[in-house]
Amino acid sequence: MSTTPVTRRDFLKLAGAASALATGACTAPPDEIVPYVKPRAIADGIAQFYATAMTMQGRAVGLLVQSDMGRPTKIEGNPAHPSSLGSTGAFEQASILELWDPARSRTLRHRGVPATREALAAEWRRTLAALEARDGEGLRILTGYVGSATLRAQLAGIAKKHPAMRLHEWEPLHRDNSLEGARLAFGRRVDCAYRFEAADVVVAIDADPLGAGPGWVRHARDFASRRAPQSMGRLYAIETFPSITGSMADHRVALAPAAIRQWLLGLDAALRGETSTALPLVMAAARDLLAHRGRALVIAGESLPPAAHAIVHRMNARLGAPGNTVSYLPPVSGVACAESIKTLSEDMRAGRVRALLVLGGNPAYDAPSDYDFSGALAKVPMSAHVSLYEDETSAACAWHVPRAHYLEEWSDATAHDGTASIVQPLVAPLYGGISVHEAAAMLEDESASPRELVMRALRLEGDAWRTALRDGVVASSAPTPLALAARDVAFTPVDASGWTAAFRPDAAVHGGEFAPNAWLQELPRPESKLVWDNAAYVSPASASQLGVKNGDLIEVSVAGRKVRAPAWILTGHADGTITLPLGYGRERAGPVGSHVGFDAYPLRAAATPWDVACTVTREGGARALAATQLHTSMEGRDPAKRMTLADALSGHAAAHGEKPTESLYPAWPYESYRWAMAIDLNACIGCNACTVACQAENNIPTVGKEEASRGRSMHWIRVDRYEEGGAVLHQPVPCMQCEDAPCEAVCPVGATVHDSEGINVQVYNRCVGTRFCSNNCPYKVRRFNFFHYSAGPGERPVEGSNPQVTTRMRGVMEKCNYCLQRITRARLQADKEDRRIAEGDVVTACQAACPTKAITFGDMADPASAVAQVKRSPRGYTLLEELNTRPRTTYLARVANPNPEAGP
């Protein structure tokens, strides 16, 4: 036995190692990864950023992921990626919680019993050997849209080895209509890449390009670049359901799906010179488009039938849009999803499928109801599902295989414009998951590592490979746009009477894949502000016809299939139509997402994926719904201001209320920095990316439906929605950082105080929970931890939290502090270099995430800073200015650019 004394240093080493083992410390990926070399200044030298990409529906958004001591903690956009340009959406921000979710699958199972990877590989070998004599006939692989060149190469290799096997694709929110519409117009399937920055006039027909679908983050940025009064474009939106795009429109019309198709035909006729239409807006929009040839764009939503998409392609050709405001690219998929899943379901039911590998997705939950995918799957002898969670499809398959998160795997992806993107892991799989490439390799008998497969598929090595890893994209890899001529296509829409059910992805859980994510469940929906639920949306007139109010249960019936749902009344919704958000009613979505809301998929058949005739009746009873904002009228107070384009161009100041100038408080002489923020309501689209980014950065917990219904949501920045005169305005509301802060005067323990740079900081250790400050805050931006929310279900473990921010205890007040930790990091770095903090050194979490760059932050003491210049705009104003709190957070008024020919 050694008698060497243990020094203090030795003890700390041993204690640290024991702590790491006890907490399941993260390990680095087994292969070399390359950090991004141009991140914002990191003062402590511990955090690094790595470029990667997140894929949805086959298209990627480029990201930079912050790694603190080997632990991924925060996601930002990659400035070098064409689909993000440095910004992100709510799904990308919330994916960091998905990585750390303790409810993720941890165990490989065979018919519910834990098994080994070796046992799975052995069964695949036996199955393939039995099928080898028939060239693999009976082997099927089901994927979503495949945007990975590596996976496409693997699938081609499997098909070469087993010529009789078949590949299938299924995406619940598929693009079959747009792809088939392109085939009708051009003779081949193509994807569209839109250029909003080049468009003076845009007509969106039941489309939401600013809030959903491939490339929406880039679309929103480009659209916002044309909302500056000096170069302002014009947007028309014709839609059934109030969307983000519709809320930004200068002219918006709410119509039932059948009426929208008639409106489309009227626009087409007007563009061809026919003037028989009696709709003034149709004629005005047509003249507007024709007056801006080469700078005009018409966009069709996925709910429109293929022939309608073909007509829109013909319209764009007539307007000179191809090559200017729209480009045609090879599609990420050439397969019709509905036909593919139908063929697979029929073959399974007929016994023609002997082995099925499902790579991701959840078809047992979201496949067309008339195909009965789960029942057909029960007849397949060998089936395996690779997924993040043990979901409905995992329960229906013989094997469930835990999947690696995209932050744990090597792969590649395709941007909305076709640019190749690199997916590199930030951490080794936390729960032992495998990537889809490793799963496919079992069938291909491939021994190369996923990293080697990616390098081989992209034909990269050496310096070129390291450069691609560092930047996150493969330079000059976007395909050349296709030159295509549109053909004439006949389209006769079907007249509809009675009720129509419209199916739409939920703004927070999408098609259902994000149902286990607590941050997204508690994220207020942009159109309704509902949380932790979905509802059947109806217009006020339709609600009156049904005799229902918010929460009353109704029954929607389609071809004998019925769904009961609570009603929610939405101003701006089309009459005679009921919108059913998809993605809820999950049975196996972990402790967070299971048994939440109602499932609309049983009403969704293959032939009618987006809207269908239905019957609607009022049922007895009601369901309690939680919403964070129940009143959207400004009632004459005008917190979200708007002005005309003529007033904005003439330098007319935003309308102010009474502006007092006297104060009981003496002016404070700020001698160094004066931090301030400005938010442009003309750019904010209400996407809530800022809310989730703030939640991720500041370790903000969720509270659950019951607490949210009591008004206890913890978000430090909310996005209010106002409806005034037919217009919709979104207003992000963080702490105003008042110079004369009402909260400070009433705190009995000095927990809320001003610092020397003008930030209203919160000293958690002083707070005794009187909540006087919250009562005295006119903006209602202070949040109180009534319970220990951070220990609730669905929260990040401590090792996944931002180490730069305290995780607050129960019984303290908290709020926005302009990301004080980021200011501190920048200050430490500036002090090292003996300089002032430079412009751009500090970027708040909400500012970094915002797709439209509606948020500007900086040092107001520097008259040349961006925030100082924005604050000098005549559109600038402060919220509740008459209270004389002198906020550091100010706003720029929304600008309206209606077509004067369109009438009221």
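Within each chain, residues carry numbers counting from 1 in the order of the written sequence. Restriction of local features to residues with pLDDT of at least 70 applies here, the model being predicted, together with a cutoff of 80 or more for giving and counting side-chain atom pairs; totals for whole chains, interfaces and linings are based on all residues. Side-chain measures here rest on the full set of heavy atoms in the structure, leaving out hydrogens and waters.

The next subject is the overall build of the protein. Counting secondary structure elements, the protein contains 28 helices and 38 strands. Values of the radius of gyration come from C-alpha atoms, whereas the globule rule sets the reference at 2.2 Å times the count of residues to the power 0.38. Since a compact globule built from 904 residues should have a radius of gyration of about 29 Å, the 28 Å found for the protein is in line with a globular shape. With the C-alpha coordinates aligned to their principal axes, the bounding extent of the protein is approximately 100 × 90 × 60 Å. We call a residue buried when its accessible area falls under 20% of the maximum for its residue type, exposed when it is over 50%, and partly exposed in between, using a 1.4 Å probe and counting protein chains only. Relative to its 904 residues, the protein shows a buried fraction of 61%. Counting from the N terminus, the helices are DSSP H or I runs at least four residues long and the strands are E runs at least two residues long.

The rule is short: rings of Phe, Tyr and Trp, with Trp giving its six-membered ring, pair when the centres are within 6.5 Å, and they are stacked under 30 degrees, edge-to-face over 60, tilted in between. One pass over the full model with this rule turns up 12 aromatic pairs. Arranged with centres 6.4 Å apart and planes meeting at 70°, the rings of Tyr194 and Phe196 form a pair that is edge-to-face. Given the relative accessible area of 3%, Phe196 is considered buried.

Below, the discussion takes up the pattern of salt bridges. Between Lys or Arg on one side and Asp or Glu on the other, a salt bridge is scored when a side-chain nitrogen of the former is within 4 Å of a carboxyl oxygen of the latter. In this structure the tally under the stated criterion is 49 salt bridges. Arg227 is paired through a salt bridge with Asp250; the nearest N and O atoms lie 3.1 Å apart. Of this pair, Arg227 sits in the loop between α6 (216–225) and β10 (234–239) while Asp250 sits in the loop between α7 (244–247) and β11 (251–254), placing them 23 residues apart in sequence. We classify Arg227 as buried; its relative accessible area is 3%. What makes Asp250 buried here is its relative accessible area of 15%. One connected set of salt bridges, linked through shared partners, spans Asp268, Arg272, Glu274, Arg314, Arg318 and Asp488.

Our next topic: the pairing of strand β25 (residues 611–622). Any two strands are treated as partners once DSSP identifies two or more bridges connecting them. The pairing of strand β19 (residues 499–505) with β25 spans four bridges and is antiparallel. Looking across to β25, one finds that Ala502 is bridged to Asp611. Strand direction decides the pairing type here: strand β22 (residues 552–558) and β25, joined by five bridges, are antiparallel. Its bridge partner lying in β25, Ile554 is registered against Arg618.

On the basis of which strands lie adjacent, the open sheet formed by four strands has the order β35-β28-β37-β36 and mixed pairing. Every interior strand has two partners, whereas the edge strands, β35 (855–859) and β36 (876–877), have only one. Where strand β28 (residues 675–680) lies against strand β37 (residues 889–892), four bridges are found, and the strand directions are parallel. By the bridge assignment for β37, Met677 is matched with Thr889.

This part covers the state of the cysteines. In this description, the term disulfide denotes a pair of cysteine sulfurs within 2.5 Å. For the coordinates displayed, the defined rule picks out zero disulfides. Free cysteine Cys684: the closest other cysteine sulfur is in Cys690, separated by 6.5 Å. For Cys684, a relative accessible area of 8% gives the class buried.

To continue, consider helix α26 (residues 820–832). The end-to-end C-alpha distance of α26, which contains 13 residues, comes to 18 Å, matching closely the 18 Å that a straight helix rising 1.5 Å per residue would cover. Those residues of α26 that fall on the buried side of the exposure criterion are Gln821, Arg822, Ile823, Arg825, Ala826, Gln829 and Ala830. At the exit of α26 stands Asp834, carrying a positive phi of roughly 55°. The span you would expect from a helix comes to 1.5 Å times its residue count less one.

The end-to-end C-alpha separation of helix α10 (residues 306–318) is 19 Å, in line with the 18 Å expected for 13 residues at 1.5 Å each. Of all 13 residues that make up α10, 10 are buried, and the element is covered over most of its length. Residues Ala307, Ala308, His309, Ala310, Ile311, Val312, His313, Arg314, Met315 and Asn316 constitute the buried set of α10. Any two residues having at least one pair of non-hydrogen atoms within 4.5 Å are treated as being in contact. Where the residues of α10 are buried, they touch α5 (176–186), β8 (191–194), α8 (257–271), β12 (296–300) and β13 (326–329).

The next subject is the sheet that holds strand β2 (residues 59–68). Within a sheet, neighbouring strands are paired by backbone hydrogen bonds and run either parallel or antiparallel to one another. The three strands lie next to each other as β1-β2-β3, forming an open sheet whose pairing is antiparallel. Single-partner strands in this sheet number two, and they are β1 (47–56) and β3 (71–77). Neighbour to neighbour, the strand axes of the sheet diverge by 35° on average, direction disregarded. To get an axis, a line is fitted to the C-alpha atoms, and for a helix only the part in contact is used. The angle between two axes follows their N-to-C directions and goes from 0 to 180 degrees. The sheet contacts of helix α2 (residues 90–100) involve β1, β2 and β3, and relative to β3 the element is tilted by about 170°.

With that settled, consider unusual backbone geometry. Not every positive phi belongs to a glycine, and Asp135 is a case in point at roughly 55°. Within the element layout of this structure, Asp135 appears in the loop between α3 (117–131) and β6 (139–143). What makes Asp135 partly exposed here is its relative accessible area of 44%. You will see that Trp532, though not glycine, has its phi angle at about 55°, which is positive. Positionally, Trp532 belongs in the loop between β20 (530–531) and β21 (536–538). You can call Trp532 buried: its relative accessible area is 10%.

Per-residue pLDDT for the protein has a mean of 91; in total, 95% of the residues score no lower than 70. Per-residue pLDDT stays below 50 along residues 39–45; that stretch engages in 17 contacts with residues further than four places along the chain or on separate chains. For every residue, the predictor assigns a confidence score, pLDDT, that lies between 0 and 100.

Here we take up the packing of α3 against helix α15 (residues 436–444). The description of two helices packed together rests on the angle between their axes and the distance between the axes. Here α3 crosses α15 at 40°, and the two axes come no closer than 9 Å. It follows from the interaxial angle that α3 and α15 lie oblique. Of the two possible hands of crossing, α3 and α15 adopt the one that is right-handed. Listed contacts from α15 to Arg117, Leu120, Ala121, Trp124 and Leu128 of α3 are Glu438, Met442 and Leu443. Broken down by class, the residue content of the contact of α3 with α15 amounts to six nonpolar, no polar and two charged. Throughout this description, any angle smaller than 35 degrees is read as roughly parallel, any larger than 145 degrees as roughly antiparallel, any in the 65 to 115 degree range as roughly perpendicular, and the remainder as oblique. By convention the crossing between two helices is left-handed if the near helix lies anticlockwise of the far one by an angle smaller than a right angle, and right-handed if it lies clockwise. Each residue is assigned to one class: nonpolar for Ala, Val, Leu, Ile, Met, Phe, Trp, Tyr, Cys and Pro, charged for Asp, Glu, Lys and Arg, and polar for all the others, Gly among them.

The contact between helix α4 (residues 149–161) and helix α16 (residues 450–458) brings their axes to 8 Å, and the two run at 95°. It follows that α4 is roughly perpendicular to α16 by the angle criterion. Here Ala149, Thr150 and Gln154 of α4 come into contact with α16, specifically with Leu453, Val454, Ala457 and Leu458. Residue composition of the contact of α4 with α16, by class: five nonpolar, two polar and no charged.

Within the secondary structure, Phe784 is located in strand β33 (residues 783–784). For Phe784, a relative accessible area of 12% gives the class buried.

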